[in-house]
Amino acid sequence: MKAKKNVFFLLLLSLMLVLSACSGGNSSTPTNGNTNAGSGDGEDVAGQEGGELVYVVPSDAPTLDPHGMNDTATTNVTTQLFDRLTAYEADGTVIPSLAESWEAVDETTWEFKLRDDVKFHDGTDFTADAVKMTIERIIDPEFASPRAVVLNMITEVVVVDDYTVQFKTEKPFAPLPAHLAHNAGSIIAPSAIEEENNGGKKVDENPVGTGPFVFGSWNRGAEIVLNKNENYWNGAPALDSVKFVVNAEQSTRVAQLEAGEAHVIQVGASDVARVEGLESAGIELTRVRGTRMDYLGFNMEKEPFNIKEVRQAISMAINKNDIVDGILDGQGVPAVGPLAPTVVGNYQDLEPLGYDVEAAKALLAEAGFEDGFETTLFVNEGSKERADIALLAQDQLSQIGIKVNIETIEWGAFLEKTGAGEHELFILGWTTVTADADYGLYALFHSSAFGAPGNRSFYANDRVDELLDLARSETDQAKRDEAYKEISEILVDEAPMVYLQHPDFIYGTNGANGLFVDFSGTPYFHGVKLN
């Protein structure tokens, strides 16, 4: 047992070291820029106290419950309202937040020491009981959180005392501190959970956390206002408020940034050159080499996408270089498989299904579709790049006889439809927020994660399930890497999706300083000041 224990702790150390180097640079932010995570108060940032920051976004958050939906729009808002036990530093290191320290007591028990000076937005104390209530809520099968897959390796939460909590897992799980930094680990005030359980307001309407901003108002589909938390444990923000304003037109968002109507936007790759030309006017770019993979997904429960040769043919008919060099203007790298090069456990020496139109035609004919077929491709509103990728796919698939009808859908409805399996083809992305291959693969490809948790391809493979489960509990990183290598090779061959590219995260700011963006592309506004 002692030898196994030593291996576990060596793995833990190696994971932390690798995570610290995996994320790539954040050109506009110092290494300790994540002030929301507990690493600084932003006092060195130039600017003034007060004011309202306007962040113009492509789509509204479907929910303000951090356990309610596994999507970027939800994460970007709830990250400001809630804290987690751990957080990510700019270089990817897992650092303290609501937890001051943690240790692996044994192979299946982690113990976290909590801060004793934190209050929720409603004035109640943050304690181990709140952690227990939150984590038990997200892993409760009856609650059925789409984000349960992030923390469902936890089997029991034990309150040792008011400021000490233990997590027990069925099998060893070394990346747990990194998983707890995911937005799914956001700690919700017990009062909000109890009110929901008693038939009152749901957490979606009553998002009470410990974060630097407090919920103000929500005009659904239009804007969300968050106000300063004057009593924030890590120092009150300089900003009086943050307003998330919805505008589905990407070119208009850039115009708003240029005109000073927006302080912050996420810049689409096709607009980077335009925004770079505005730097002399005081507009700045923040670039992060991230852990995201964009893909064209199949619904494998619908014909003919249940046929491997059809999926392979579509994969081979789409030229990824045209996407990266043309649509993304070089702001990313083509994908060889499902994991970005910045993810721990990735294997980049794969032999991808190469671009080969004639071979694609032959595969279609072999599958019985020599004359092609007609299908519908779902794409969400608000992203010019995804719309352009859809048009490119429509054109390139027509060369092998597949007629693609494109249907553009509002973000929340898009998530609901693809989660319910109402689609045939769709374009989406998946960010490995923990920077570990478990999160990058488990939710997308394990058969227990069908639908909203991530597996919108409805892909099931017993061997892949077995390897994913093995890699979750394995304490030898080299053996984990071997499992992820085999998984990646199977996934390239079976092609449950077309692995398109790994885009950079690019944010533009005008009149605002101190923005921090982590390697998952999530912005933090705690340390921001307006000029």
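Residues numbered from 1 in each chain as written. Predicted model: local features only at pLDDT ≥ 70, side-chain atom pairs only at ≥ 80, totals over all residues. Heavy atoms only, no water.

- The protein chain appears in an unreviewed UniProt entry as Glutathione ABC transporter substrate-binding protein from Sutcliffiella horikoshii.
- Check the Subcellular location (unreviewed entry) section of the UniProt entry for the protein chain; it says "Cell membrane".
- Under the UniProt heading Sequence similarities (unreviewed entry), the entry covering the protein chain gives this text: "Belongs to the bacterial solute-binding protein 5 family." (UniProt positions renumbered as here; feature names shortened; annotations may be inferred.)

Considering the sheet that holds strand E14 (residues 332-334)
- On the basis of which strands lie adjacent, the open sheet formed by 6 strands has the order E14-E18-E13-E17-E15-E16 and mixed pairing. Every interior strand has two partners, whereas the edge strands, E14 and strand E16 (402-409), have only one. In this sheet, adjacent strand axes meet at a mean angle of 30° when their direction is disregarded.
- In the sheet, strand E13 (residues 292-298) pairs with strand E18 (residues 497-503) via 4 bridges, with the strands oriented antiparallel. Looking at the pairing, Asp294 lines up with Gln501 of E18. (Pairing = 2+ DSSP bridges. Helix = DSSP H or I, 4+ residues; strand = E, 2+ residues; numbered from the N terminus. Axes fitted to C-alpha atoms, helices over the stretch in contact; angles between N-to-C directions.)

Description of helix H16 (residues 477-494)
- Across its 18 residues, H16 extends 25 Å between first and last C-alpha, which sits within 8% of the 26 Å expected from 1.5 Å per residue.
- One or two residues past the end of H16 sits Ala495, with phi positive at roughly 50°. (Expected span 1.5 Å × (residues − 1).)

Some thoughts on the sheet that holds strand E7 (residues 164-169)
- Strand order in the open sheet formed by 4 strands is E4-E5-E7-E6, with antiparallel pairing between adjacent strands. Edge positions in the sheet fall to strand E4 (99-106) and strand E6 (154-161), since each of these pairs with one other strand and no more. Strand-to-strand twist of the sheet, defined as the mean angle between neighbouring strand axes without regard to direction, takes the value 20°.
- The strands touched by helix H3 (residues 128-139) within the sheet are strand E5 (109-114), E6 and E7, with E6 carrying the most contacts at an inclination of about 170°. (Contact = heavy atoms within 4.5 Å.)

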